[in-house]
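# Structure at a glance
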Amino acid sequence: MSDNEEDIIEGSDEEGEAMTASEVLQKLEEAWITERMSPTLEKHQSELVDCMLDQINQMSENLKRCKKYDFRLAIHKMEIDRIRYVLSSYLRVRLEKIERFAHHLLEKQTNLSNEDLSILSPQEAAYAKDYASSLEAHFQNLVLQHVPENLRTFDRGKMSVKPNLDSYVFLKVKQATPGVLLEDDTGEGRDEEVDFKEGSQYLMRYKPIMELLQSGAVTLI
Amino acid sequence: MDSIEIEFLAEKAPVTIVPNFTHDKLYLISGDVGPFTAGLPVEVPLWLGINLRQRGKCRLVAPEWMDVEKLTEKKEEEKQSKVFTQMPCEHYLIVTQLLLSSAPEDIPNAQQIKTLVKDIWDLRISKLRSSVAEFIESEGTHATLDRLTLLEINSVRPFLPHAFDQLHRLSKSAHGSNLSQTTQDIQY
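Residues numbered from 1 in each chain as written. Chains lettered and ligands numbered in written order. Predicted model: local features only at pLDDT ≥ 70, side-chain atom pairs only at ≥ 80, totals over all residues. Heavy atoms only, no water.

Time to look at the overall build of chain B. When you go through chain B residue by residue, the secondary structure sums to 7 helices and 6 strands. Secondary structure elements of chain B, listed N to C terminal, follow the sequence α-β-β-β-β-α-β-α-α-α-β-α-α. Here the C-alpha radius of gyration of chain B, 24 Å, is well above what a compact globule of 188 residues would show, namely 16 Å. Taken along its principal axes, the extent of the C-alpha atoms in chain B is 90 × 40 × 20 Å. Across the 188 residues in chain B, those meeting the buried criterion constitute 46%. Across chain B, the fraction of contacts at a sequence separation of at least 24, relative to all contacts at a separation of at least 6, is 68%. As displayed, chain B has an accessible area near 10,100 Å², and 53% of this comes from carbon and sulfur atoms. Looking at charge distribution, chain B has the averaged site of its 20 positive side-chain charges lying 3 Å from that of its 26 negative ones. (Helix = DSSP H or I, 4+ residues; strand = E, 2+ residues; numbered from the N terminus. Rg over C-alpha atoms; globule rule 2.2 N^0.38 Å. Buried < 20%, exposed > 50% of the residue type's maximum accessible area, 1.4 Å probe, protein only. Contact = heavy atoms within 4.5 Å. Areas by Shrake-Rupley, 256 points an atom, 1.4 Å probe, with all protein chains shown as cover. Lys, Arg positive; Asp, Glu negative; His and termini not counted. Charge placed at Lys NZ, Arg CZ, Asp CG, Glu CD.)

Residue and element names in this part refer to chain B. Residue Pro 158 follows Arg 157 across a cis peptide bond; omega there is -5°. Examined against the element boundaries, Pro 158 turns out to sit in the loop between α6 (150-155) and α7 (159-187). One non-glycine residue, Asn 109, adopts positive backbone phi at about 55°. Looking at where Asn 109 falls in the secondary structure, it is placed in the loop between α4 (92-102) and α5 (110-138). Note on Asn 109: relative accessible area 45%, which makes it partly exposed.

The next point concerns the sheet that holds strand β6 (residues 201-205) of chain A. The pairing of strands in a sheet comes from backbone hydrogen bonds and takes either a parallel or an antiparallel form. If you walk across this open sheet you meet the 4 strands as β7(A)-β3(A)-β6(A)-β6(B), and the pairing is antiparallel. Every interior strand has two partners, whereas the edge strands, β7 (218-220) of chain A together with β6 (143-144) of chain B, have only one. Relative to β6(B), β6(A) runs antiparallel, the two sharing 2 bridges. Across the sheet, Tyr202(A) pairs through a bridge with Thr144(B), a residue of β6(B). (Pairing = 2+ DSSP bridges.)

Take helix α3 (residues 68-80) of chain B next. Residue and element names in this part refer to chain B. Across its 13 residues, α3 extends 18 Å between first and last C-alpha, which sits within 8% of the 18 Å expected from 1.5 Å per residue. Along α3, the positions that sit buried rather than exposed are Val 68, Leu 71, Lys 74, Lys 75 and Glu 78. Viewed along the axis of α3, the buried residues span an arc of 125°, placing them on a single side of the element. Opposite the buried face of α3, by more than 90 degrees, sit the exposed residues Glu 69, Glu 73 and Gln 80. Contacts made by the buried residues of α3 are with α5. (Expected span 1.5 Å × (residues − 1). Arc of directions from axis to C-beta.)

Written as structure tokens, this is what we have:
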């Protein structure tokens, strides 16, 4: 039967657990929402993306082979469209952020000691480099070539745009965390400690909850 | 986020349908659905249910909470309470709109339900608006929004986070300039 597909997929978890396709899809959708809501670029999830792409390709192959069952065909096609929408929206929002913060991200990338901590996937890193160099070349050809000698330098440091980590975001608490410290960097000494109860929703700055987000205790909504 | 994207997320919610055909299990990527037996109810994702209904292959069953009495009670509760009450379904407005637009005949008292849900929505949004105004005036640094649904939160985006960003920037620079004034005083 053309519908029998491998449900268990080797998703790479830290524990090496196999994840079912629906779990991968769930995680991908969460990553999509987080990426949309976050002011900075989040860690890349290229394993989830690749896994879903595989699934879609496999499913499309199966569908090509079975032409008769019109009704099942349409349903699977709809589902493929839905998954493709999430994937392309996710990748598109990442590309937008890469273009915006290109120089900043490349600096961070070169200072990285461990490959695993990289926020950009290898293809994204290559894209960022190409984009940055195309931008510089463009400015050179357009303007800098034609201005007097002493103004011709291209200052990378001034070009780099840093993401605003003090942006306010909405978040939902998945794991209860007592005593979260919200530092008040306006220096008025209004540091606050909040107890995060499971299931509650908050609006606060991104910076204090950045680590909780990475550990999975909260999620952006 | 656009409301269309929240609709996309809401379409994953499960809904019960009664198919008029028989078919075995469908192995979708997002999970298995079925098997379908004509006349027996089965749970499917909302997007699938709506599509099947549009092709005339099934009948939709109203979710348990979509009942005139229950909704009237909820509306009263919402009116009496100063804070937000827990909604029976995270995407109550979207599910109602989608179900009623594709199959109003399948849902009993469709018109009343529409009005009730709209009233509940209006009540909650006006509560949200007044609490936002209060909150900005009180200059808090973070807000608790329990029991608010995604679509309601989205109605104040991007205004609310933006406003807080600006307030934060202003207070930061106000403090910053105080510091630099002090150093200037010492220097001169």
